[in-house]
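Residues per chain, in single letters:
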Amino acid sequence: MTRSPALPDLFREAAAIVAGPVGADRTAQWLSLLRRVVPYDAAWLSLFDERQQRFAEVASTGYDDRIRNYFGTWEVVRQAEQAGLTESPVPYRGRDLPTPAAEYPIWSDYYFPAGYREGLAVGLFGPDRRHLGMLVLSTEGADHPTDAERALIGVLAPRIAATLDPLRSLSVLARVVHDAEAGMVLTRVGDPLPLPGLPGHPLLAVGSTLLAVLDEHAPRGEGSVSFLWPVQSPRRRSSRRVGGRWEGRDGLLRVVVLGCAAALAPLVGVAMLAPLPAGRCPLNLRELVLLGLLLAGWTDERVAVGLDLPIEAVGQAVERSISALQAPDRHVALLRAARWGWFIPHLSGTAPMG
């Protein structure tokens, strides 16, 4: 008979895992701690990939490749929905399921043939009830998990979810932009989510031009993008003012986009707005737009047509930009503009802002 772990020590360790640095090693810590709660023979931890509508493995031990591959199929999502695991944080053992376990293919075709006689699955949810993923434990004996073990897993599940929550990871990541005054989370389905710790902003609202630009230019996977974005003066649009520091003398905001790891599948990254100190950028609005078009691959002739300028004026603006960026030539100037974020990106299919 397995001796129950000392609950105060267990909860202290769980709290330390949640508060620890973001990283894959925390999943191993959870699997180690969970074995002291339930003497499992196999365990699987996952995040739900909304884009592909499947569970993506985060950590696994004990299961063979056949079962692990099956876990990543849509059929398992359907069975999890049937059992209520995508809607409720209540843990279910095989004997707790709303229909007999043998009627679920995962039990009849996978668990039982592999020698597992009991187990437990629990949906993982964020504090706002977002479905994040699932934890699965399997045992070769039918005596575990006990009622007490099941209840304890139910207490620990929100803590495990907090560790895996992509929004929490992104909010930690966003702290590297110390002067950010607004932010939001970019998703692959196009609907922005609030970024914990920072307010929203009209420029980041659904339907805004900037949000469309972010969708087009945000890094896919880990990485970062920085650029500038113009804002109207409060004298022209009083509703623009948010927080008191938005308007630099040049009417520009710094936009920083931090991409997230591919494992956080529904999310693209986090976008933040920060004030640009007066005099920080030596380029004027037209030159910033021009650099954005050149970085997008536009020729001088196309820029002239798009901005309704004589071709000579485009050449002069390029020369001024090269001088302002203290570059020896156009190529180096474009590299510096991209690296320093001193350009205004162009949204494909629209006329460039003049």
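Quick caveat: nothing in here was measured; it's all calculated off a predicted structure.

Description of the overall build of the protein
Summing up its helical and strand segments, the protein has 12 helices and 10 strands in all. Of all 354 residues assigned to the protein, the portion counted as buried reaches 47%. Restricting the contact set of the protein to residue pairs at least 6 apart, pairs at least 24 apart contribute 63%.

Focus: the packing of helix α2 (residues 25-37) against helix α6 (residues 147-164)
To describe two helices that pack against each other, one gives the angle between their axes and the distance between the axes. With their axes 11 Å apart at the nearest point, α2 and α6 run at an angle of 175° to one another. Here α2 is positioned roughly antiparallel relative to α6, judged by the angle of their axes. Contacts between α2 and α6 pair R26, T27, W30, L33, L34 and V37 from the former with E149, L152, I153, L156, R159, I160, T163 and L164 from the latter.

Quick look at the sheet that holds strand β4 (residues 118-125)
Strand pairing in a sheet takes place through backbone hydrogen bonds and is either antiparallel or parallel in direction. With antiparallel pairing, the five strands of this open sheet are ordered in space as β2-β1-β5-β4-β3. Both outer strands of the open sheet, β2 (54-61) and β3 (92-93), are each paired with one neighbouring strand and no more. Pairing of strand β1 (residues 42-49) with strand β5 (residues 131-139), which is carried by six bridges, proceeds in the antiparallel orientation. Opposite L47, over in β5, you have G133 as the bridge partner. Where α2 meets the sheet, its contacts fall on β1, β2 and β5, and the angle it forms with β2 comes to roughly 65°. Where α6 meets the sheet, it contacts β1, β2, β3, β4 and β5, and its direction lies at approximately 35° from that of β4.

Concerning the pattern of salt bridges
Across all of its chains, the model carries 12 salt bridges by this definition. In this structure, the salt-bridge partner of D96 is R150, at a minimum N-O distance of 2.9 Å. Linking D96 in the loop between β3 and α5 (105-111) with R150 in helix α6, this pair joins segments that are 54 residues apart in sequence. The class of R150 is partly exposed, set by a relative accessible area of 26%. One continuous salt-bridge network, built from bridges that share partners, spans R93, D96, D147 and R150.

Digging into the packing of helix α9 (residues 285-295) against helix α12 (residues 330-340)
The N-to-C vectors of α9 and α12 enclose an angle of 105°; their axes lie 10 Å apart at closest approach. As summarised for this structure, α9 and α12 are arranged roughly perpendicular, according to the angle between their axes. Along its contact with α9, which presents L291, L294 and L295, the element α12 presents R330, L334, A337 and A338. Looking at the contact of α9 with α12, its residues break down into six nonpolar, no polar and one charged.

Examining the environment of L211
With respect to the helices, strands and loops of the structure, L211 is situated in helix α8 (residues 209-217). With 19 residues separating them along the chain, L211 and P192 place their C-alpha atoms 8.7 Å apart.

Focus on the packing of aromatic side chains
Overall, the coordinates contain 13 aromatic pairs when judged by the stated rule. A centroid spacing of 5.6 Å and a plane angle of 75° characterise the contact between Y63 and Y116, whose relative ring orientation is edge-to-face. Of this pair, Y63 sits in the loop between β2 and α3 (65-71) while Y116 sits in the loop between α5 and β4, and the two are 53 residues apart along the sequence. Accessibility expressed as a relative area gives 6% for Y63, which makes it buried. In this structure an aromatic cluster arises from ring pairing among W44, F48, F55, Y63, F71, W107, Y111, F112 and Y116. Across from the ring centre of F125, 5.4 Å away, lies the NZ or CZ of R129, which sits over that ring. Above the face of the W298 ring, R302 is positioned so that its terminal group lies 3.9 Å from the ring centre.

Section: the nonpolar core
L186, L210 and L214 are the most contacted members of the largest nonpolar core, which has 48 residues in total. With six residues, the single largest contributor to this core is α9. Among the nonpolar cores identified, the runner-up in size contains 28 residues, and V18, A59, L120 and L124 belong to it.

Rules used in this analysis
- Going along each chain's sequence as written, the residues are numbered from 1 onward.
- With the structure being a predicted model, the display of local features is reserved for residues of pLDDT at least 70 and the display and counting of side-chain atom pairs for 80 or more, all residues being used for whole-chain, interface and lining totals.
- Think of the side-chain values as coming from all heavy atoms in the structure, minus any hydrogens and water.
- For the purposes of this entry, the term helix denotes a DSSP run of H or I that reaches at least four residues, the term strand denotes a run of E that reaches at least two, and both are numbered from the N terminus.
- Buried, partly exposed and exposed residues are distinguished by accessible area as a fraction of the type maximum, computed with a 1.4 Å probe on protein chains only: under 20%, between the cut-offs, and over 50%, respectively.
- Any pair of residues with heavy atoms lying within 4.5 Å of one another is described as a contacting pair.
- Axis angles are defined between N-to-C directions and span 0 to 180 degrees, where every axis is a line fitted to C-alpha atoms and, for a helix, only to the segment in contact.
- Here the word oblique covers every angle except those under 35 degrees (roughly parallel), over 145 (roughly antiparallel) and from 65 to 115 (roughly perpendicular).
- Strands qualify as paired when DSSP identifies two bridges or more between them.
- Only one rule defines a salt bridge in this text: a Lys or Arg side-chain nitrogen within 4 Å of an Asp or Glu carboxyl oxygen.
- Each residue is assigned to one class: nonpolar for Ala, Val, Leu, Ile, Met, Phe, Trp, Tyr, Cys and Pro, charged for Asp, Glu, Lys and Arg, and polar for all the others, Gly among them.
- In summary, the pairing rule links any two rings of Phe, Tyr or Trp, Trp by its six-membered ring, whose centres are within 6.5 Å, and it sorts them by plane angle into stacked for under 30 degrees, edge-to-face for over 60 and tilted for everything else.
- Charge over a ring is defined by NZ of Lys or CZ of Arg lying within 6 Å of the ring centre and within 35 degrees of the ring normal.
- For the purposes of this section, nonpolar cores are sets of buried Ala, Val, Leu, Ile, Met, Phe, Trp, Tyr and Cys residues that join through side-chain atoms within 4.5 Å.

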